[in-house]
Amino acid sequence: MYGARRTTLIDRIARLTEGIARTGRLFARLAAARTDWSPTGLYAAAATARFMAAHELIDRAEAQVDDDPDTDLVQVRTPLWFGSTTLHEEN
């Protein structure tokens, strides 16, 4: 029982550290990149963010299904109010 709690705590710390690192990388990219605030650039950023979020959902769901080696999650469907998109991830 104690080992399971320790493992859970270490897993949560690792996820928190990964999230902090991801946020740091994002801020570093934003600081180093040239921003394009034109309407076309903003639209492209919004469209790209939607697909990047879907890929992130695929990665997180796959991490939760890691205990079954026969399961391979490759698709995310967004609801109608988000544009009703089906995204397939190819390896």
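For the structure, see preceding data.
Basis of the calculations
Residues numbered from 1 in each chain as written. Predicted model: local features only at pLDDT ≥ 70, side-chain atom pairs only at ≥ 80, totals over all residues. Heavy atoms only, no water. Patch = residues over 30% accessible without salt bridge, like charges linked within 9 Å, V, L, I, M, F, W, Y side chains within 5 Å. Areas by Shrake-Rupley, 256 points an atom, 1.4 Å probe, with all protein chains shown as cover. Salt bridge = Lys/Arg side-chain N within 4 Å of Asp/Glu carboxyl O. Lys, Arg positive; Asp, Glu negative; His and termini not counted. Charge placed at Lys NZ, Arg CZ, Asp CG, Glu CD. Helix = DSSP H or I, 4+ residues; strand = E, 2+ residues; numbered from the N terminus. Buried < 20%, exposed > 50% of the residue type's maximum accessible area, 1.4 Å probe, protein only. Expected span 1.5 Å × (residues − 1).

A. Molecular detail of a negative patch on the surface. Judged by side-chain charge, Asp66, Asp67, Asp68 and Asp70 come together as a negatively charged surface patch. Relative to the elements of secondary structure, aspartate 66 occurs in the loop between α2 (39-64) and β1 (75-77). Of the residues examined, aspartate 66 reaches a relative accessible area of 60% and is grouped as exposed.

B. Summary view of the pattern of salt bridges. One pass over the full model with this rule turns up two salt bridges. Where aspartate 11 meets arginine 15, a salt bridge forms, and the shortest distance between an N and an O atom there is 2.8 Å. Residue aspartate 11 and its partner arginine 15 are both found in helix α1 (residues 2-32); the two are separated by four residues, about one turn of the helix. Judged by relative accessible area, aspartate 11 falls into the partly exposed class, the value being 39%. Between arginine 22 and glutamate 18 there is a salt bridge; the shortest N-O distance is 2.9 Å.

C. Quick look at α2. Between its first and last C-alpha atoms α2 spans 38 Å; for 26 residues at 1.5 Å apiece the expected length is 38 Å, and the two agree. Those residues of α2 not exposed but buried are Gly41, Ala54 and Ile58.

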